[in-house]
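Per-entry structural report
For reference, the chains in residue letters:
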Amino acid sequence: MNNPRIIVALDFSNKKQALEFASKLDKNLCRIKIGKELFTSAGPQLIEQLMSYGFDIFLDLKYHDIPNTVANACRAASDLGVWMVNVHALGGRKMLIAAQEALSTKKTKLIAVTLLTNLNKSDLYEIGLNEEPIDIVQRLALLASDCGLDGVVCSAMEAPQLRKIISKDFCLVTPGIRPLNGNKNDQARVATPQEAIQNGADYLVIGRPITQSNDPLLMLQQLNYEIEMVQL
């Protein structure tokens, strides 16, 4: 598979667990996401080791700071050789442009987080965002596109609306993916892999359904098969 659609979230607390689990996967069937906990614990050396296994790495640190700081962080991430890195769209236009310009000559993809998938309308109201989640997501996605980013992180439920207003080349990365009848865990806006692809997602971030499976490789193969069936 030249362009795996599944990104496996390695939500482990240390390098040993992460490497042991990654050894059970097939680099041709997935990419790997490294988040805050694992990166803080294991650092850049883990990324180097996983890339030596042949995996593309999505470094999910959601940078959100003043423009110069974010630009330098994105540049440092790209120098590690990661496939994709992200920032928070709520950081605003100046920050997004600074990040994009820092990676303009790099191969690393830059995407922006719109709203975290654990947030619902009442959560947003508490922090002063009184619009419907989809309206906020659309506005932030359009801002990211206007600033030249490669895509956004969004819920699969929001992907159809984004596909109507943004170029088909704009990348939609969807977390909160759960197999049919799967546990939602701490996600509020979730979808099955089939729903996500049908809704226009490019990449699916999947963690616990794979990492907590008794047979991770088999689960990964099954999920890829389900995606392929949708694409036929």
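Description of the structure in this document. None of the values given here were measured: they were computed from a predicted structure. (Residues numbered from 1 in each chain as written. Predicted model: local features only at pLDDT ≥ 70, side-chain atom pairs only at ≥ 80, totals over all residues. Heavy atoms only, no water.)

**Details of the sheet that holds strand β2 (residues 31-34)**
Strand order around the closed barrel formed by eight strands is β1-β2-β3-β4-β5-β6-β7-β8, with parallel pairing between neighbours. When strand polarity is set aside, the average angle formed by the axes of neighbouring strands in this sheet is 25 degrees. Here strand β1 (residues 6-9) runs beside β2; their pairing, made up of three bridges, is parallel. Looking at the pairing, V8 lines up with I32 of β2. Of the strands in this sheet, β2 and β3 (57-63) touch helix α3 (residues 44-52), which is tilted by about 155 degrees from β3. Sheet contacts for helix α4 (residues 67-79): β3, β4 (84-88) and β5 (109-113); angle to β3, the most-contacted strand, approximately 165 degrees. (Pairing = 2+ DSSP bridges. Helix = DSSP H or I, 4+ residues; strand = E, 2+ residues; numbered from the N terminus. Axes fitted to C-alpha atoms, helices over the stretch in contact; angles between N-to-C directions. Contact = heavy atoms within 4.5 Å.)

**A closer look at the side chain of T114**
Its place among the elements puts T114 in the loop between β5 and α6 (121-126). A polar contact is formed between the side chain of T114 and the backbone oxygen of V153, at a distance of 2.7 Å. Beyond its immediate chain neighbours, meaning those up to four positions away, T114 contacts V137, L140, A141, V152, V153 and C154. (Polar contact = N/O pair within 3.5 Å; in protein donor to acceptor, adjacent residues only side chain to side chain.)

**Focus: the pattern of salt bridges**
Where charged atoms from two side chains of opposite charge come close, those side chains can pair. Scanning the model with the defined rule gives ten salt bridges in all. Residues E132 and K121 are paired through a salt bridge, measuring 2.5 Å at the closest nitrogen-oxygen approach. Linking E132 in the loop between α6 and α7 (133-146) with K121 in helix α6, this pair joins segments that are eleven residues apart in sequence. Judged by relative accessible area, which is 36%, E132 ranks as partly exposed. (Salt bridge = Lys/Arg side-chain N within 4 Å of Asp/Glu carboxyl O. Buried < 20%, exposed > 50% of the residue type's maximum accessible area, 1.4 Å probe, protein only.)

**Observations concerning the packing of aromatic side chains**
Under the criterion given, the structure shown has two aromatic pairs. On the numbers, 5.4 Å between centres and 45 degrees between planes, the contact of F12 with F21 is tilted. Judged on exposure class, the residue F12 and its partner F21 are both buried. Judged by centre distance (5.2 Å) and plane angle (85 degrees), the rings of W83 and Y203 are edge-to-face. Taken as a pair, W83 in the loop between α4 and β4 and Y203 in strand β8 (residues 203-206) lie far apart in primary sequence, 120 residues in all. On the accessibility criterion, W83 (12% relative accessible area) is buried. Looking at Y203, the relative accessible area reads 7%, which means it is buried. When the ring centre of W83 is taken as reference, the NZ or CZ atom of R31 above it lies at 4.1 Å. (Phe/Tyr/Trp six-rings, centres within 6.5 Å; stacked < 30°, edge-to-face > 60°. Lys NZ or Arg CZ within 6 Å of the ring centre and 35° of its normal.)

**Quick word on α4**
Here α4 contains 13 residues, and its C-alpha end-to-end distance of 18 Å stays within 8% of the 18 Å for a straight helix at 1.5 Å per residue. Every buried residue belonging to α4 is among V70, A71, C74, A77 and S78, and all of these are buried. Buried residues of α4, seen end-on, are gathered within an arc of 125 degrees and therefore sit on one face of the element. Structural note: α4 exposes N68 and D79 on the side pointing more than 90 degrees away from its buried face. Those residues of α4 that are buried are in contact with β3, β4, α5 (93-102) and β5. Phi for G81, located one or two positions after α4, is positive at around 95 degrees. (Expected span 1.5 Å × (residues − 1). Arc of directions from axis to C-beta.)

**Things to note about the packing of helix α1 (residues 15-22) against α3**
Following both chains from N to C, one finds α1 and α3 inclined at 10 degrees, their axes separated by 11 Å at the closest point. Between α1 and α3, the angle falls in the class roughly parallel. By crossing handedness, the relation of α1 to α3 is classed as right-handed. Seen from α1, the contacting residues are K15, A18, L19 and A22; seen from α3, they are L46, Q49 and L50. Of the residues belonging to the contact of α1 with α3, the class tally is five nonpolar, one polar and one charged. (Parallel < 35°, antiparallel > 145°, perpendicular 65-115°, else oblique. Left-handed = near helix turned anticlockwise from the far one by under 90°. Nonpolar A, V, L, I, M, F, W, Y, C, P; charged D, E, K, R; others polar.)

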